Amino acid sequence: SHLASLVTMGPPLASPGTTSVVRIEPSVVLTMCDSYVRRGEGVSRVIGAALGTRSADGARCDIKSAYAIPCHERDGEMFVDIEFHRTMLGLHARVNESERVVGWFSCGTLEPAARALAHEFFAKETAGGAPVHVMLDTEFTSARAGDLLRAEVGETVLAVTDRESGESQSAGVRFCEASCEVDLTSATKIGIEALTQTASVKGEDDVDGLRATIGKLAGLLAQAQEYVDAVASGASRGDAAVGRALSSALSSVPELTKAQFDKVFGDSIEDVQMVQYLTNLTKMQLTLAEKLHTTSLLV
């Protein structure tokens, strides 16, 4: 059985070899937000592994990628899907061998006992220093915007040996706050600005999107027709380049009767609906397989 782990807080770390600065890539923050938004029904918190590198002296930790790990609590104990974690870590190592597990992240409120148990698990997975815990305040309880994302370094302050198994287990964890920075380069800023800009309005469903697209196309056709009518009547001077572009566009449109167009359009709609059905069916099968065959091991 697990001992009741204690969580204490301390001042920022300053001793040699400890992490005092944590730099996080923007993609990691997006991954954390996405994992929280996509959490299962009835799930109030999300945890995951944080991967990156450490400086030679261990004072700085760069978190470059992350992924969420399925977990749940029962009877005061935390169960983490170790099989999923091992698979994701192996796949990530194929892409980037230099990145290792440097800590973990959490989104949502995490009880002190659950936090200590999760930190104990990631302490076994982290090499080269104490694991970093990155916290995202999803309830916006912080007074300042800069406090929504915080990082702390946890170290075991007391270790005991289980008499039955002989294994060493932590009975207390001391968390010390570290400086947390989001690494925004000029190229990254451009990408984030492009993501935040609402260039197009997305409808509630595919029908609304199709209606908006057809309306936009009708407006462009009306504008082209006004231009052609004005040039034909002599009200405005024509542009040879525009005329060639319109001629090329018209020649590329297939000549179909109304019945032929209705048939082609109907077939396309049926194909889209079939793809949606198969996608939903696959999601349901994967969810069922995860619930039936995934092994959840006790941390």
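Residues numbered from 1 in each chain as written. Predicted model: local features only at pLDDT ≥ 70, side-chain atom pairs only at ≥ 80, totals over all residues. Heavy atoms only, no water.

Caption draft 1: Summary view of the overall build of the chain. Summing up its helical and strand segments, the chain has seven helices and 11 strands in all. Within the span of the chain, comprising 299 residues, buried residues form 27% of the whole. Put simply, 66% of the contacts in the chain that link residues at least 6 apart link residues at least 24 apart. Of the accessible surface of the chain, which amounts to about 19700 Å², a share of 57% is contributed by carbon and sulfur atoms. (Helix = DSSP H or I, 4+ residues; strand = E, 2+ residues; numbered from the N terminus. Buried < 20%, exposed > 50% of the residue type's maximum accessible area, 1.4 Å probe, protein only. Contact = heavy atoms within 4.5 Å. Areas by Shrake-Rupley, 256 points an atom, 1.4 Å probe, with all protein chains shown as cover.)

Caption draft 2: Representation of the pairing of strand β4 (residues 60-69) in the model. With respect to burial, β4 is a largely interior element, seven of its 10 residues being buried. Across four bridges, the pairing between strand β2 (residues 21-24) and β4 is parallel. For V21, the partnering residue across the bridge sits in β4 and is R60. Bridge count between strand β3 (residues 46-54) and β4: eight bridges; the pairing is antiparallel. (Pairing = 2+ DSSP bridges.)

Caption draft 3: Local environment of the nonpolar core. Counting residues in hydrophobic clusters, the biggest one holds 22 residues, and the most contacted among them are I24, M32, I63 and V134. Looking at this core, the elements that each hand over two or more residues are β2, α1 (26-37), β3, β4, β7 (100-107), β8 (132-136) and β9 (149-161). A per-element tally of this core places α1 first, with four residues. The contacts of I24, once residues within four sequence positions are left out, are V29, I63, V134, L149, C180, E181, V182 and D183. Counting 16 residues, the second-largest nonpolar core is a separate cluster that includes V80, V101, W104 and F121. (Core = buried A, V, L, I, M, F, W, Y, C linked by side-chain atoms within 4.5 Å.)

Caption draft 4: Examining the confidence of the model for the chain more closely. The predicted model of the chain averages 79 in pLDDT, with 79% of residues at 70 or higher. For the stretch residues 1-7, pLDDT sits under 50, and the model shows 21 contacts to residues farther than four places along the chain or on other chains. The model gives residues 295-299 a pLDDT under 50, and that stretch makes 18 contacts with residues more than four places away or in other chains. (pLDDT = per-residue confidence, 0-100.)

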